[in-house]
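Listed below are the residues making up each chain.
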Amino acid sequence: MWLKLLEKVLANSYKIHHHFYQLLELKRVHKSFWKKLLWSWVIFWIVICAWMFSFYNHHAIEKRKVTLASMCVERARMLQDQFNASMTHVQAISILISTFHHGKNPLAIDQRTFAKYTEKTAFERPLMSGVAYAIRVLHLEREKFERQQGWSIRKMNTVQQNPVHKDIHMPEKFEPSPVQEEYAPVILAQDTVAHMVSLDLLSGKEDCDNAIRARESGKGVLTTPFRLLKTNRLGVILTFAVYKRDLPADATPKDRVEATDGYLEGIFDIESLAENLFQQFAGKKTILVNLYDTTNRSQPISMYGSEVYVDKLEHVIALNFGDPLRNHEMRCRFKHKAPLSWLAITTTGSTLVITLLLGYIVFATMNHMAKVQEEYNRMVELKKKAEAADVAKSQFLSTVSHEIRTPMHGVLGILDILLDTDLDVTQQDHVRTAQASGKTLVSLLNEVLDQAKIESGKLDLESVPFDLRAIMDDVLSLFSGKSQENGVELAVYISHRVPDMLIGDPGRFRQIITNLMGNSIKFTEKGHIFVTVHLVEEVMETTDIEREASSRNTLSGFPVPDKRRSWAGFKNIGQDGRNCSLSPDRISVIVSVEDTGEGIPQEAQPRIFTPFVQVGSSISRKQAGTGIGLSISKCLVTLMDGELGFVSIPKVGSTFTFTASFTIGCSKQSKIIYPEFQCMRALVVDSRQVRAIVSKYHVQRLGIQVEVVPSLDHALSTISIGNAIFSMVLVEQVVWDADSAVSSLFVNKLRKLDQQLSSKLFILANSVNHSKKRDMLELHGLSIIMKPLRSSMLAASLQRAIGVGNKGNLRKLSSLSLSGLLAGRKILVVDDNYVNLKVAAGALKRYGADVVLAESGEKAISFLEPPHTFDACFMDIQMPAIDGFEATRRIREMEDNINDRIQNGDASIEACRNISNWHVPILAMTADVIQATQDECIRCGMDGYISKPFEGEHLYRELSRFFTSSPLMKCIENF
C-alpha cells in the first residue's frame, strides 16, 4: 500500500506542484514553507510511530507472559503429580509395615527385606531419595529393645540452624539418646539412607515436631527445609504415623498417640530431584525455576533454584504437598532478558523510514525541479563533449595510423623492390633485416589499433571461404626459421574430421594462431611447440594424438601439462562435446598450442589476459612485447563464438586452447591434390609415436599411402618382405643419429635390396647445424627434409629428389599468378606522396602492369572521365583539396551520367569504346585501417580496400574479383 502511494506521489509530483502554484497564483513557493511543512510531517509521524512501537511492544510482553505461565504451569503440574505419587506410595508402605511388621509374630519384615523392597519400588517414588521407618519405644522398654537390636539408641545432632540446619554424618560418634519418656529409633531404612539406623527421630527438633504432628493428625506432614545427613544437600522429610489398629476418622489426638506404633519417613533431596525432573523439559534452558517454602511469608525459604536473575517478569504458582500447615510456591522467570520486539522495531522503523523518505522525496522534488533544466542542459553539453572526444579519438587513431603507415609503406616498398635487384649475400641480409624490422613495427601498430577497435566495439569479422590447413602451413613458414635456429621441434596436426574449406575470417584466425605461436617461440628454448586442430566433439573422445600421448610420450619427449585442463572451464562445450547454440551448417573447432617453454608463474596467471600487462619483469627484460597479443586474441575468440583458456606449469610448459565457430564451406572447394604422388607408398621410421603420427599426416596430405615402423631394423624387415613397394623412406633424424653404424648398415642393405630406393631415402631433420653432420648425410646420398613439415615444402622436396612434378620456385609461381592478372592492364595510381607513388608503381610494374601516376584528386577525375582506357584505379584517401572519397563520388557521378546517356540514346556505344555500362574498379589505398574509414570507402562507391603497406597475396585477392587470368596463367595456377 505504501509503495503504491509512493509511486502515485512520484508520478504526479509535477502536477501537484503545478496545480499548487496555480492555486496560490504564485510563481514560486518560498523554500521556508516547504521546510516547515517537512518538519511538521516528520514530528507527526514520529509521534505515530512511537505509539505504534508502544503498542507492539506491549503485545510482545503479554505474549511473553502467556508463554512463561504455560511453561511454569507445565512444570508445576509435573512436580505436583510426582510428589502426590510419592506420598501415596509412602502411605502404602506404612500400611505394609503395619500389616507385616507389627501384625505378624514372628516379624515378616526385617532390614534386609525392607531395603530390598524399597530399592525395587524406588521408581514409584521419583522425588524421594530414601524411606526409613522408626519404631516407637517407651523408656521402660529401651534396655530390652537395645539388647534385641544389638545397638544403642543415639540422638541426632543438636546443632540447629533455624529453620535450616546442617548435620555432619558421623553416626558412630553420635551420643546415646538422653533419657526421655519415649524414643523413635530408625530400625528399617532404604540403602540410600541406611546411615539413619539407630538414630532417635525424637531427639531432633525438626523430626520430633514432625513426628508429633503426624501421629496427632493422622496425615502426612512436612518438615522445614534443612540440610540432610550425609549428603548435606537441602531437603525435606515427609512423615506418616503407623498405628496398631485402624482408627475411626473422628479419633481424638490422644487416641492416635496411644495407638501409634512408629513413624515412616520419606526423605526428599529437593535440589537433585527437582533438577532431574526439570531436565526432562525441552525448554529447560529457557526459564529459571525456584521453589520456596512460604510458611513464613516474611522470610520465605528457598528450596531450589538460583536467586540471581536478569529478567523481572515472574509467574508464581502455589503448590500443595499435602501438609495444610506448610505453604509452597513455584516461581518462574525467563533466563534471559526479553529481546526487543522485531515486529515493533521493523514495523515502526519501516513506517518511519517510508514516511520520512516520502516527506524527503516530496521536499527534494519541489526543490529539485528548479534545477532539472539546468542539470539537463549540463548533461547535454557533457554528451556533446563525450561524442566529440570519441570522434577526436577515432580521428587521432586514423591520423596516427595514416602518418605512420605512409612512410612505412614507402620503406617496405622500396626494400621489396631492392630485393629484386642484384645484391650480394651481405646486402640481402641487411635488406631483409630492415624489412623484418619494418614489418614488426607495422605488426605492433596493428595490435594497438586492434585494441582500440575492441575498446570502441568497432571490430567486425569477415565471412569468406578459406583453407584452414593452408593457413596453418603459412604460419608454420613464418616461424620455421626461428624454430630451426633454436633447435625447437615445431609441428601442426589437423584432424581429418575438420572440413577442407570453412567460411569465416581467415585473417583474424591467422592472427590468433600467430599470437599464440609467437609467444611459444619467444619463451621456448628446448623441446617442442605442437599445434593441434580438432572438432570440439573430438575432445570428448580419444583422438589419435591423445591416444598416444602421455606425460613423457610427447612430440619431443619433454613433459607437458595436461591439455584437458586448458578447456575444463569452457561453458559452451556440453557433455557430448557439442555446442548447442550452433546451427546444423556450422561447426566448432578446438585449437591447442602446446609448448615446453618457461611456463607462466602462478602469481601471474590471473592477469595473463590483461592488456599491456606482461608475465613478469625478468621475462619482460628477456623478451620484448606490448603485452596485448593475448588480450586481442581472447576478444577475437569471443567474436568467433568461442572461448580461450590455458594451463601452465612453471619450468614445464604451457598449453593454450581456444574454440572458434565457422560455417562449413562448399565441398567443391577442396584441397590441392598432387597427381604425381598418387599410388605412391612411403615408409616412415620414427620411434616416437606422436611424432610419427604427425609425419604420417603431412605425407598423406600429398596423396601418398604411409606405413610407420619404429626402427631401422623394422624398416628393413618390412621392405625385404616385399608385400608392398615403397617409393620412399623417411627416417627421423633422432633415429638416424642414434647409432651411425646401424645407419650405415641400413643404407648398404637397402641398396642391395633396391638400388633405386636408396636414392629416395630422406632424413626428417629439425636442424642440421654442424657442417660435418650435413657432409656425412650427403656422403650417403641422403636427402634432407627440414622441419616443420608443410605440404608445399614437402612436395617440393620430394619432387626434386624423385624427379617428378614441378621443380620451380613457389615464390615465382605466386608472382606468375599476379602477372597473369596484371599483364597488359592499365592501372591509375593516385597519391599525393611521391614515395608512395614510386613504391606502388614499382610493385605493379613488376607484374607487367602499365602504370599511370596522378598526384591529386583533380587529375584522377580528369583521367577517369569516360571514355578512358584504364582497367583499374588505386586511390589514396587523404589528399589535399579533393580527397579520395570526394574524387570517387565525382567519378561515379560521371559514370552514372554517361550510362544514362547511353541508355537514353544520347550517346553512342561506339563513341564510348563499345562499353555500355561504365564502372572502373576503384580500390582504396591508404594507411588508415579504422573500421569507420572502411565503411566510408564502401559508401562513397569504392570497390575494395587495400591497406598500406600491401602484400602480393592481398593484392591478388582483391584484383582477382575484377580481372581474370590468361589461359596460360590459368594452366599454371591450376597446376
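Bear in mind the structure is a predicted one, so any value in this text is a computation, not a measurement. (Residues numbered from 1 in each chain as written. Predicted model: local features only at pLDDT ≥ 70, side-chain atom pairs only at ≥ 80, totals over all residues. Heavy atoms only, no water.)

**Some points on the nonpolar core**
Stated precisely, the cut-off is as follows: Within this scheme, the nonpolar core is defined by two criteria: the residues are buried Ala, Val, Leu, Ile, Met, Phe, Trp, Tyr or Cys, and they are joined through side-chain atoms within 4.5 Å. Burial classification: accessible surface area is computed with a 1.4 Å probe over protein chains only, and a residue below 20% of its type maximum counts as buried, one above 50% as exposed, and the rest as partly exposed. Contacts were defined at the residue level, with two residues in contact if any of their heavy atoms lie within 4.5 Å.
Counting residues in each nonpolar core, the largest one holds 52 residues, and the members touching the most others are F509, M517, V589 and F658. Beyond its immediate chain neighbours, meaning those up to four positions away, V589 contacts V498, V533, H534, L535, V536, F658, T659, A660 and F662. In terms of nonpolar packing, the next biggest core, distinct from the first, is built from 48 residues, I109, Y133, F268 and M303 among them.

**Some thoughts on the sheet that holds strand β28 (residues 850-854)**
Strand pairing in a sheet takes place through backbone hydrogen bonds and is either antiparallel or parallel in direction. Quick reminder of the rule: At least two DSSP bridges between two strands are required for those strands to pair. Under the DSSP-based scheme used, a helix requires at least four consecutive residues in state H or I and a strand at least two consecutive residues in state E, with every element numbered from the N terminus. In this analysis an axis means a line fitted to C-alpha atoms, helices contributing only their contacting stretch, and an angle means the value between N-to-C directions, from 0 to 180 degrees.
Pairing in this open sheet of five strands is parallel, and the strands run β28-β27-β29-β30-β31 from one edge to the other. Strands at the two margins of the open sheet, each flanked by one partner only, are β28 and β31 (944-947). On average, adjacent strands in this sheet sit at an angle of 25 degrees to one another, irrespective of strand direction. Relative to strand β29 (residues 872-875), helix α24 (residues 884-904) is tilted by about 155 degrees, and along the sheet it contacts β29 and β30 (922-926).

**What to know about a nonpolar patch on the surface**
In plain terms, the rule: To count toward a patch, a residue needs a relative accessible area over 30% and no salt bridge; like charges are then connected within 9 Å, while nonpolar side chains (Val, Leu, Ile, Met, Phe, Trp, Tyr) are connected within 5 Å. Calculation of accessible area relied on Shrake-Rupley with a 1.4 Å probe; when residues are assessed, cover is drawn exclusively from the protein chains displayed. By definition here, a salt bridge exists when the distance from a side-chain nitrogen of Lys or Arg to a carboxyl oxygen of Asp or Glu is within 4 Å.
Taken together, the side chains of I404, L441, L444 and V448 make up a nonpolar region of the molecular surface, amounting to roughly 270 Å² of accessible area. If one sorts the elements of the nonpolar patch by residue count, helix α9 (residues 425-456) sits on top with three residues. Mapped onto the secondary structure, L441 falls in helix α9. Taking the relative accessible area as the measure of exposure, L441 reaches 40% and is therefore partly exposed.

**Here's the deal with the packing of aromatic side chains**
Let me state the cut-off plainly: The rule is short: rings of Phe, Tyr and Trp, with Trp giving its six-membered ring, pair when the centres are within 6.5 Å, and they are stacked under 30 degrees, edge-to-face over 60, tilted in between. Note on criteria: charge over ring means Lys NZ or Arg CZ within 6 Å of the ring centre, with the direction from the centre no more than 35 degrees off the ring normal.
The full count for this structure, using the stated rule, is 15 aromatic pairs. A ring pair is formed by F44 and W45, whose centres lie 5.7 Å apart and whose planes are at 80 degrees; its orientation type is edge-to-face. The class for F44 is partly exposed, based on a relative accessible area of 48%. What makes W45 buried here is its relative accessible area of 15%. Ring geometry for W51 and F55: centres 5.8 Å apart, planes at 15 degrees, overall stacked. With W51 and F55 both in helix α2 (residues 31-100) and four residues apart, the pair spans about one turn of that helix. In this structure W51 comes out as exposed when scored by relative accessible area, which is 57%. Site record: aromatic cluster; members linked through ring pairs are F466, F509, F658 and F662. Here the basic side chain of R142 rests over the ring of Y183, its NZ or CZ set 4.7 Å away from the ring centre. In this arrangement the basic side chain of K634 is found over the ring face of F609, its NZ or CZ atom lying 4.7 Å from the centre.

**Description of the side chain of T659**
The topology assignment puts T659 in strand β21 (residues 653-664). Judged by its relative accessible area of 5%, T659 falls in the buried class. Filtering out sequence-adjacent residues up to four positions away, T659 remains in contact with V536, F570, I573, S588, V589, I590, V637, G642 and E643.

**A short note on the state of the cysteines**
Rule in force here: Count a disulfide wherever a pair of cysteine sulfur atoms falls within 2.5 Å.
Per the counting criterion, the structure on display carries one disulfide. With a sulfur-sulfur separation of 2.2 Å, C72 is cross-linked through a disulfide to C332. On the sign convention where negative means left-handed, the S-S torsion of about 75 degrees between C72 and C332 marks this disulfide as right-handed. In this pair, C72 is assigned in helix α2 and C332 in strand β14 (residues 328-334), connecting sequence segments 260 residues apart. Among the residues examined, C72 registers a relative accessible area of 0% and is labelled buried.

**A word on the pairing of strand β17 (residues 501-504)**
Bridging between strand β15 (residues 464-467) and β17 involves four bridges; their strand directions are antiparallel. The partner of V464 across the bridge, within β17, is G504. As judged from the two bridges shared by β17 and β21, these two strands associate in the antiparallel manner. Bridging across to β21, L502 finds its partner in I664.

**Brief notes about the side chain of E643**
The condition that has to hold: The charge count treats Lys and Arg as positive and Asp and Glu as negative. His and the chain ends do not count. Between N or O atoms, a polar contact is any pair within 3.5 Å; within protein, one atom must be a potential hydrogen donor and the other a potential acceptor, and residues adjacent in sequence are included only when both atoms are from side chains.
With respect to the helices and strands, E643 occurs in the loop between α14 (629-639) and β20 (644-649). In this structure, E643 is buried with no salt-bridge partner, the nearest side chain bearing the opposite charge being K571 at 6.4 Å. A distance of 2.9 Å separates a polar atom in the side chain of E643 from the backbone nitrogen of K571.

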